[in-house]
Each structure stands twice: as structure tokens, then as C-alpha cells.
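Examination of the molecular architecture
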Amino acid sequence: VFRIMNTIALVNLVNPYSSMLEYDHKSELWRLYIIFRAEIVTTTAWQFADLSGNFQRHILAPRMKTQEKMNVAMRGSAIFLADRYSNMIRFFLMAIWYSPVYPVVLFLCMFALIINYFMDKFSIMKTWRSAPKIGRS
């Protein structure tokens, strides 16, 4: 909820909706494009970098004294599905909210969701740890 409030509601509280109708480098449409581009680039870059996971796997793990401690350091980062869903919902709601004024935002949303899909796929296969077994399986 906090991410959605930051990207949609606060922008509309600070700036009136009618000020979006211009298109120059100081207008709300340009700022909206910058917000979308920044959200696409920063979330993807942080997820791809996985700084804590790489630090654990490449710096801490080789220096561990026992195999069990090394296995713990090599597990990978935890998966937070709530973050993944809130990220997708944020892009989708931003696109729906701003599409009557700026239809290009639908294509930006599509691009963002495709990028997030492939980054999540990469992270599930390479950087995130396996989910715990549930039930008798």
C-alpha cells in the first residue's frame, strides 16, 4: 500500500490533475515518464545486482570454516512474494490511473511487466533460495 500511495496518490495530491495536459520537460507527463523509467531501471538493477546475496556467496562463503556454514551462506536471498505482487500492482495501477491523459503509459507498463517477468524468472533460477517444503511433499 505504501508503494502505491507514493507513486500515485502523493503525486496527485501535490499537483492538480489538470496540470498534466502540457508536454514539455517541466510538465507532469514528462515527470510521469521519468517516474516509470526510474521504477523500471532501479528495481530491475537492484534485483539483478543482489548485493547481499553476491556478498554472501563470493566473499563470506569461501571463508567459512565448516561445510554447513558454507552451505548456509550459499543459500541465496529469500523470496518475498508480497514485494513482487506490490511491484506489479503498482505498475498496473499507475498505468490505469494515468492512461486517460497519457496513453503511452500503457506501453511503459507492458514493458515494465515484461522486464519484471524475466528478472523474476532469472532470480528464481539463479539468485533466490528454494522455497521450503510444505506438507508431506
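Residues numbered from 1 in each chain as written. Predicted model: local features only at pLDDT ≥ 70, side-chain atom pairs only at ≥ 80, totals over all residues. Heavy atoms only, no water.

Quick notes on the overall build of the protein
For the protein, the count of helices and strands is six helices and zero strands. Start at the N end of the protein and walk to the C end: the helices and strands fall as α-α-α-α-α-α. Here the protein holds 137 residues, and the buried ones make up 31% of them. For the protein, contacts bridging at least 24 residues in sequence account for 71% of all contacts bridging at least 6. For the protein, the accessible surface area stands at approximately 9,700 Å², while carbon and sulfur atoms represent 70% of it. (Helix = DSSP H or I, 4+ residues; strand = E, 2+ residues; numbered from the N terminus. Buried < 20%, exposed > 50% of the residue type's maximum accessible area, 1.4 Å probe, protein only. Contact = heavy atoms within 4.5 Å. Areas by Shrake-Rupley, 256 points an atom, 1.4 Å probe, with all protein chains shown as cover.)

Some thoughts on the nonpolar core
By size, the foremost hydrophobic cluster in this structure holds 14 residues, and its most contacted members are Leu32, Phe36, Ile40, Phe91, Tyr102, Val105 and Cys109. Elements with a minimum of two residues in this core: α2 (28-49), α5 (81-98) and α6 (104-126). Leave out the neighbours within four places in its chain, and Cys109 touches Phe36, Phe91, Phe92 and Ala95. (Core = buried A, V, L, I, M, F, W, Y, C linked by side-chain atoms within 4.5 Å.)

Keep in mind these values describe shape, not function.
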